[in-house]
Protein chains: 2
Amino acid sequence: MSAASLPYSHEIDGCLSSGDHGVGLAAQSLATYLDRAAPAFDEMQAAIAHKSLAVLTICQKKDDIEACGPVADHLLADTTDLVFLGTGGSSLGAQTLAQLAGYGIPGYVPRGGQPRAHFFDNLDVTSLGQALARLDLKTTRFLVVSKSGSTVETLAQTLAVVAALRTEMSDADLGRHFAVITKKGDNSLRGFATEFLKCPILEHEADIPGRFSVLSNVGLLPALCLGLDPHALRAGAAQVLDHLVKATKPADSAPVLGAALSLGLAQENKITSSVLMPYSDRLDLFAMWYRQLWAESLGKNGKGTTPIKALGPVDQHSQLQLYLDGPADKLFTLIIANTAGQGPAFDAQLTRQAGVDYLTGRTMGDLVTASHRATADTLIGKGRPVRLLRIETLNEFTLGALFMHFMLET
Amino acid sequence: MSAASLPYSHEIDGCLSSGDHGVGLAAQSLATYLDRAAPAFDEMQAAIAHKSLAVLTICQKKDDIEACGPVADHLLADTTDLVFLGTGGSSLGAQTLAQLAGYGIPGYVPRGGQPRAHFFDNLDVTSLGQALARLDLKTTRFLVVSKSGSTVETLAQTLAVVAALRTEMSDADLGRHFAVITKKGDNSLRGFATEFLKCPILEHEADIPGRFSVLSNVGLLPALCLGLDPHALRAGAAQVLDHLVKATKPADSAPVLGAALSLGLAQENKITSSVLMPYSDRLDLFAMWYRQLWAESLGKNGKGTTPIKALGPVDQHSQLQLYLDGPADKLFTLIIANTAGQGPAFDAQLTRQAGVDYLTGRTMGDLVTASHRATADTLIGKGRPVRLLRIETLNEFTLGALFMHFMLET
């Protein structure tokens, strides 16, 4: 892979009326929208070259990852359960990363030696109290994230946790159980952490809004705690920037092309919804992360396409009827890892016993591959625009690249 | 509560231009759509009275619940982990019920003595294999559900499980680990269960499609295994039918009124999406269940509103920007349990320490209440139609009623 190649492929043939399938935006329209994207493209190139945007330059930082190390050690000392308090952008990026380590996957059992992760991003009258009653609080640790330090849900949850801990330990022991990420300067959370909890505090990047914070310590401290490689994550994101800065025109940059395509389809083809449908359990929460990124960024002035989260193949059994026979108002983006031939092959004796001889010698990965191919073909056959983002393998590097792609495209 | 009262309230004032807020459908239009719903209303009343629809008469059955008992005992004998294999409608109803017992809730730890539930409704190259490698297979049991008995994903997963079990036990022990629900007559799953697994089999109701199967043994066997009361669930659903059959006109039936309202808003007010937003972690998967019910039933002939799942209050931090300032093309249905005053009150010392004195004496439930009120008011204030479904407490009875409401409305 050359330095300027992308860690994923971006295939838009299924979204162009000039493409093999004749579905979607006219080539002339795409050219128009790409022309309009030229100033944004130039700005992005300049921002990368001049390191003027914190959301992008974060990919080059190293000292903040080093600063995460001791805090991760603090959170992992003698720990069975790791609880994350925070909401919206302060939680979804970390959840997406945690999913790479198994969190939120059916049958999630932490890898040997790792704590079990729990994310409380919603305010609920029962959930937190019930968990606090059932968890072993002596071996449970809490990471509290709020950029402003004044998010009422997060503060309320923190107080509920402290009240529960105090039934089992003295105030002097509380600091062992907590770490906090919040911005510099006076705020409620920082004051409480400094004066009362006496726990470690990391600085939230001042110039990075919550919804873009996944590549900052907000995402990387949880990643580190769950055994992931934060450097690889940033390297994947950096490679997308490197590719963009070397592009000679807007159409050569996948995120700019994607943005122009989305806008063109919305305005010329009445596409009002954007369905993100990964074919991997480990990208289920990525689609949730995308949903908040997109909705927070683009829902303005009575406009904006509505982001919709889906998951393949399972939603073929739940949503495909609507996607195929409902209104033609959706763009479908499938994210696909190469799964062909992966997983163990089905045993010939068992397939015969079960009367599914056609599975003999095939693997679970072959079935996933067959599923996304069939779905893409069927959607396009019905005149629904489909684009494909392909990665070879899902790991920290490619996930970092996907994060950056969608942050740039938004 | 009288025999004919509903276990929930259905408030549509925020969807009518004649209402206090002047948002939504004109009263005259609603009357027109209610008139058009009259034949469907009459049919439903007749179907309930004459017990001619399996989806409805299932609420009166008892023998099938009795038949679930021994199978539940079989699945629970010496069991730490209970794995559910099935996809689409064969899984989502059971998942929704399991959530009432804690499944899929942040910080889920099974109640003392209960097995941990795992649902594999997606085909993924990694998830199942990884779980099988980490679970203690000797104390893990599997319930396999496929109405047709030929769902390839479910069969493939079953074969993968059997291959893993055979590395630890003889074929004669396999039957202890499985139970199956499938329709009568020859099919692959039934053949495999009878001849090879030698495990208990329950009949899938012949006249109930998967997406409506939650009140059959497909939902009730999992409910029973997880300590829920299947009779209360059906009683809640039955009360909705009882209310409908006693209604003297379409407008008196909440599901018929809801259906007329949805259709009217779609056709007169260009509402193309329907957002279901419960304010309870325990209804998060209910919104997923609703999404498949709606999409499978109503996405036809280039029409159909798109169902969107949301969760409150957390999505206020992620989706509200879009809901308020994006296109006015959505109907919002908030499901609200009475949480005011619930949960422990915040400690005055802690709220002072954290600089959030305004929380003193309030409870987590008060915050949830304040959140949904503010969201409903803000949406209506921006001209977005909002309806409210209120229950007093979420339990088997009210959940059964909500299932039936949405099955009838669809």
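Rules behind the numbers
Residues numbered from 1 in each chain as written. Chains lettered and ligands numbered in written order. Predicted model: local features only at pLDDT ≥ 70, side-chain atom pairs only at ≥ 80, totals over all residues. Heavy atoms only, no water. Buried < 20%, exposed > 50% of the residue type's maximum accessible area, 1.4 Å probe, protein only. Helix = DSSP H or I, 4+ residues; strand = E, 2+ residues; numbered from the N terminus. Pairing = 2+ DSSP bridges. Right-handed = clockwise from strand over helix to strand, strands pointing away. Axes fitted to C-alpha atoms, helices over the stretch in contact; angles between N-to-C directions. Parallel < 35°, antiparallel > 145°, perpendicular 65-115°, else oblique. Left-handed = near helix turned anticlockwise from the far one by under 90°. Contact = heavy atoms within 4.5 Å. Nonpolar A, V, L, I, M, F, W, Y, C, P; charged D, E, K, R; others polar. Domains from an automatic or database assignment. Buried area = accessible area lost by both parts, 1.4 Å probe. Salt bridge = Lys/Arg side-chain N within 4 Å of Asp/Glu carboxyl O. Polar contact = N/O pair within 3.5 Å; in protein donor to acceptor, adjacent residues only side chain to side chain.

Examining the pairing of strand β8 (residues 306-309) of chain A
All names here are of chain A. Here β8 shows a buried face lined by Thr 306 and Ile 308 and a second buried face lined by Pro 307 and Lys 309. Looking at chain direction, strand β7 (residues 273-278) and β8 are connected through four bridges and run parallel. Bridge pairing in β8 places Leu 276 opposite Lys 309. For the handedness criterion, the β-α-β arrangement of β7, helix α11 (residues 284-298) and β8 is classed as right-handed.

Description of the packing of helix α1 (residues 27-50) of chain A against helix α9 (residues 230-246) of chain A
Residue and element names in this part refer to chain A. Here α1 crosses α9 at 120 degrees, and the two axes come no closer than 9 Å. On the basis of their axis angle, the class for α1 and α9 is oblique. α9 is crossed by α1, and the crossing has left-handed handedness. The residues of α9 that touch α1, namely those facing Phe 41, Met 44, Gln 45, Ile 48 and Ala 49, are Leu 241, Leu 244, Val 245 and Lys 246. Classifying every residue of the contact of α1 with α9 gives seven nonpolar, one polar and one charged.

Some points on the domain arrangement of chain A
Interface size is commonly expressed as the accessible area that is lost once the parts come together. Residues and elements named next belong to chain A. Its domain assignment divides chain A into domain 1 (9-47 + 233-409) and domain 2 (59-231). Placing a centre on the C-alpha atoms of domain 1 and another on those of domain 2 gives a separation of 31 Å. Each side of the interface is counted separately: domain 1 has 25 residues, and domain 2 has 28 residues. Taken over both partners, the interface formed by domain 1 and domain 2 buries close to 2400 Å², and the fraction arising from carbon and sulfur atoms is 66%. Counting the surface domain 1 buries against domain 2, the share from its top three residues, Leu 233, Arg 234 and Leu 285, is 34%. Between the two partners, domain 1 and domain 2, sit one salt bridge. A salt bridge links Asp 64 to Arg 234; the shortest N-O distance between them is 2.6 Å. Counting across the domain 1 and domain 2 interface gives 15 residue pairs in polar contact (both at pLDDT 80 or more). Where the side of domain 1 that touches domain 2 is concerned, the elements lending two or more residues are α9, α11 and α15 (396-409). Per-element tally for the side of domain 1 that touches domain 2: the top contributor is α11, with nine residues. Of the residues that constitute the side of domain 1 that touches domain 2, the class distribution is 16 nonpolar, three polar and six charged.

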